[in-house]
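# Structural overview
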Amino acid sequence: MLLIWMASVDAQVLIAHAAVEVDQLTQNEARRYLMMRVPRWPDGHAVRVFVLPDEHVLHRRFVTEVLGLYPYQLRRVWDRLLFSGTGQVPVTVATPHELLRSVASTPGALGYADAPPVGLEVRIIEVR
């Protein structure tokens, strides 16, 4: 019983604005969205990605455990987009609470949380 509870505490989830009409993504698709390589949702709305600072423990855990990448790999992609002027980079927020609020209040937003959020209108996207 304790192991089941511990597993649920450690589960990170991909979240999106409630109006996003995507319920699941493959790991590769999730990576592409977080790497800013997919600029629009299937319905045509712009994707707005929100992340925590690179050194934040939740960011590191989400990137390694859900996306299967190292945080520095993601940072390299974002830096290349920024310095080459070929794309946009995610919006970095200071705290997990601010990330949740930003995703809940921004149409087309995408982010992550350490557990399914309670009390906020967001969509949980299954990463398979």
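In what follows, the accompanying structure is described.

Reading the values: rules and limits
- Residues numbered from 1 in each chain as written.
- Predicted model: local features only at pLDDT ≥ 70, side-chain atom pairs only at ≥ 80, totals over all residues.
- Heavy atoms only, no water.
- Salt bridge = Lys/Arg side-chain N within 4 Å of Asp/Glu carboxyl O.
- Helix = DSSP H or I, 4+ residues; strand = E, 2+ residues; numbered from the N terminus.
- Buried < 20%, exposed > 50% of the residue type's maximum accessible area, 1.4 Å probe, protein only.

Below, the discussion takes up the pattern of salt bridges. Under the counting rule described, the total for this entry stands at four salt bridges. Linking Arg75 and Asp54 is a salt bridge whose minimum nitrogen-to-oxygen distance equals 2.7 Å. Here Asp54 lies in the loop between β3 (48-51) and α3 (57-65) and Arg75 lies in helix α4 (residues 71-84), a separation of 21 residues in the sequence. A salt bridge links Arg75 to Asp79; the shortest N-O distance between them is 3.5 Å. Taken together, the residues Arg75 and Asp79, both in helix α4 and four residues apart, mark about one turn of the helix. On the basis of relative accessible area, Arg75 is assigned to the partly exposed category, the value being 25%. On the basis of relative accessibility, which here comes to 26%, the residue Asp79 falls in the partly exposed class.

So far we have only geometry, and geometry alone does not tell us how the molecule works.
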